[in-house]
Amino acid sequence: MNAIQVLDKFAASGVETCFHDRHINPQIYAGINGSNWSIKDYEARGGYAALRQILGQDGGAGLTQDQVIATVKESGLRGRGGAGFPTGLKWSFMPRQFPGVKHLVCNSDEGEPGTCKDREILMHNPHIVIEGMIIAAYAMGIPLGYNYIHGEIFQVYERFEAALEEARAAGYLGNNIMGSSFSFQLHAAHGFGAYICGEETALLESLEGKKGQPRFKPPFPASYGLYGKPTTINNTQSYASVPTILRKGSEWFAGLGVPNSGGTVVFSVSGHVNKPGNFELPMGIPFAELLELAGGVRGGRKLKAVIPGGSSTPVVPAAVMLATNMDYDSVRAAGSAVGSAAVIVMDETTCMVKVLERLSRFYMSESCGQCTPCREGTGWLNRMLKRILAGEGRREDIGMLVEVANKIEGHTICALGDAAAWPVQSFIKHFRHEFEYMIDHGGRSIVDGELAAA
Ligand SMILES: Cc1cc2nc3c(=O)[nH]c(=O)nc-3n(C[C@H](O)[C@H](O)[C@H](O)COP(=O)(O)O)c2cc1C
Ligand code: SF4
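So, a few notes on the structure that sits alongside this text. Source: prediction; values computed, not measured.

### Considerations on the overall build of the protein
- What the protein contains, in helices and strands, is 19 helices and nine strands.
- Rg of the C-alpha trace for the protein: 23 Å, near the compact-globule value of 22 Å for 454 residues, within the 12% margin.
- Overall, the C-alpha framework of the protein stretches about 75 × 50 × 35 Å when taken along its three principal axes.
- By residue count, 58% of the 454 residues in the protein fall in the buried class.
- Long-range contacts, defined as pairs at least 24 residues apart, comprise 69% of the intrachain contacts of the protein with a sequence gap of at least 6.
- Split by element, the accessible area of the protein, about 17500 Å² in all, is 53% carbon and sulfur.
- Taken as two groups, the 41 positive and 45 negative side-chain charges of the protein have centres that lie 3 Å from each other.

### A few points about the sheet that holds strand β7 (residues 303-307)
- Strands sit in the order β6-β5-β9-β7-β8 across an open sheet of five strands; the sheet is mixed. The open sheet is flanked by β6 (277-282) and β8 (316-317), the only strands paired with a single partner.
- Direction of pairing for β7 relative to strand β9 (residues 342-347): antiparallel, over a ladder of four bridges. Bridge pairing in β9 places Val306 opposite Val345.
- Here helix α18 (residues 416-440) sits on the sheet and contacts β7 and β8; the angle it forms with β7, its principal contact strand, is near 150°.

### Structural notes on the site of ligand 1
- Around ligand 1, the structure places 18 residues, and the nearest of them are Gly81, Glu110, Asn234, Asn235 and Ser238.
- The separation between an oxygen atom of ligand 1 and a polar main-chain atom of Arg80 is 3.4 Å.
- Between Lys90 and ligand 1, the recorded distance is 2.9 Å, taken from a side-chain N or O atom to an oxygen atom.
- In isolation ligand 1 offers 610 Å² of accessible surface; the protein chains occlude 89% of this area.
- With three residues, strand β4 (residues 231-235) is the single largest residue contributor to the shell around ligand 1.
- Taken together, the residues that form the shell around ligand 1 break down as four nonpolar, eight polar and six charged.

### A word on the environment of Tyr224
- Tracing the backbone through its elements, the reader meets Tyr224 in the loop between α9 (200-207) and β4.
- Note on Tyr224: relative accessible area 45%, which makes it partly exposed.
- Residues Tyr224 and Lys102, spaced 122 residues apart in sequence, show a C-alpha to C-alpha distance of 9.8 Å.
- In contact with Tyr224, not counting residues within four places along its chain, are Arg215, Pro219 and Lys229.

### A short note on the packing of aromatic side chains
- Tallied over the full model, the rule gives nine aromatic pairs.
- The interplanar angle of 55° and the centroid separation of 5.0 Å between the aromatic rings of Tyr195 and Phe362 together place this pair among those described as tilted. Taken together, the residues Tyr195 in the loop between β3 (185-190) and α9 and Phe362 in helix α15 (residues 352-366) connect sequence positions 167 residues apart.
- Given a relative accessible area of 14%, Tyr195 falls into the buried group.
- For Phe362, a relative accessible area of 15% puts it in the buried group.
- Judged by centre distance (5.9 Å) and plane angle (70°), the ring pair of Tyr195 and Tyr363 falls under edge-to-face. Of the two residues, Tyr195 is situated in the loop between β3 and α9 and Tyr363 in helix α15; the sequence distance between them amounts to 168 residues. When sorted by exposure, Tyr195 lands in the same class as Tyr363, which is buried.

### With respect to the site of ligand 2
- Around ligand 2 sit 13 residues, and of these Cys368, Gln370, Cys371, Cys374 and Cys414 come closest.
- Here the shell around ligand 2 is built from residues that sort into eight nonpolar, five polar and no charged.

About the criteria used
- Residues numbered from 1 in each chain as written.
- Chains lettered and ligands numbered in written order.
- Predicted model: local features only at pLDDT ≥ 70, side-chain atom pairs only at ≥ 80, totals over all residues.
- Heavy atoms only, no water.
- Helix = DSSP H or I, 4+ residues; strand = E, 2+ residues; numbered from the N terminus.
- Rg over C-alpha atoms; globule rule 2.2 N^0.38 Å.
- Buried < 20%, exposed > 50% of the residue type's maximum accessible area, 1.4 Å probe, protein only.
- Contact = heavy atoms within 4.5 Å.
- Areas by Shrake-Rupley, 256 points an atom, 1.4 Å probe, with all protein chains shown as cover.
- Lys, Arg positive; Asp, Glu negative; His and termini not counted.
- Charge placed at Lys NZ, Arg CZ, Asp CG, Glu CD.
- Pairing = 2+ DSSP bridges.
- Axes fitted to C-alpha atoms, helices over the stretch in contact; angles between N-to-C directions.
- Near = heavy atom within 4 Å.
- Polar contact = N/O pair within 3.5 Å; in protein donor to acceptor, adjacent residues only side chain to side chain.
- Nonpolar A, V, L, I, M, F, W, Y, C, P; charged D, E, K, R; others polar.
- Phe/Tyr/Trp six-rings, centres within 6.5 Å; stacked < 30°, edge-to-face > 60°.

So this is what it looks like as structure tokens:
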């Protein structure tokens, strides 16, 4: 089945509400209008029914831990935090027989430029994350969990706290959940706005009250996680996908997407579009359709390039992107990655040198400084780009930018180094002439040159 056929299943009908009114039949976030976040609203949408069923509190036999993990595996759900790791497989790594406390962590740090979906899920539908985490905890035999929420969005933290209170009062959280023998305590924690604390081991360090710096892996969190105990960490949207998968079945979810990319995903479309926003859509939707849903390129201008999966993923030129479907394999074939599904759209007026300088400044500022290639390299990249923008660039700088990026990539403790390198490599690969033009014209952008000539 190709992506256009997949899309047919999502033909719009009636009033569509999700984070706004531009979705084509949201599957997981249907019926959300911005104010119906509370527990009674969630229950009215079928919330907590999956948990009730799993725990055998609906009159049925309940599901075993293995059955829950198998269902998540079969659904094809892949982690929505960026790496796309299969969620059910990750859950199977948890040593369930470990005698001490095991931890479950939700990664709501969401600091990648362009990414803005987890905060909306938490704000408008917090109970779906809570239910997903309770189901995950049950499947892995975990008694204690935390949701680590990005530091600068206190209203989201407060909303999640309020939802936790409701879930506890309703008996969905705490000891002997719904009268069963299963107990799970869940707490919210907020960070302080550091991008690096979204890296899972830095997040764990930060949760422990330490400086948020990534740990060397292995050991991985499944064996040595929070406070040195086995820990499973997933993204907000990964957990949020779980209750509906359990309620409607793994086949339903897998069938929404395309092979190897099951289900729907929330695409955060930003940049030069008429209607930026979060769109829950099936995996495999053609990028051209997504662009259309986002109102097309602003002012009727021409599309120049797209960063398809958050600022760390390689940039893709317009022609390639317009022929690409938004699933893991297709975006990889186009030379980039689905990442966190944050789609940054750039029109023809965009100066790629300026964009790269802005991105490199972000990675320089957010480097935790542990590894020499990242600490020194990110600053070096930014200084060279600033020099080019200031009209003091040399042709050799272009090769040097690539060389420094290559020396960072794959030579650091965490993937922030790669995230800093990939934009540099891809921007120069596809838009080298813009760098050359600026160097040859004393800091003048090719875009300004083109506009002046028009
Ligand atoms: C620098 C950096 C920042 C990251 N930020 C986030 C983030 O904000 N949210 C997130 O879920 N994953 C983030 N990740 C990925 C996490 O390390 C981890 O892979 C993810 O939380 C696992 O969840 P998933 O399997 O459900 O995607 C980041 C990774 C790196 C290297
Ligand atoms: S790659 Fe950068 S952010 Fe990651 S551990 Fe090394 S210095 Fe810190």
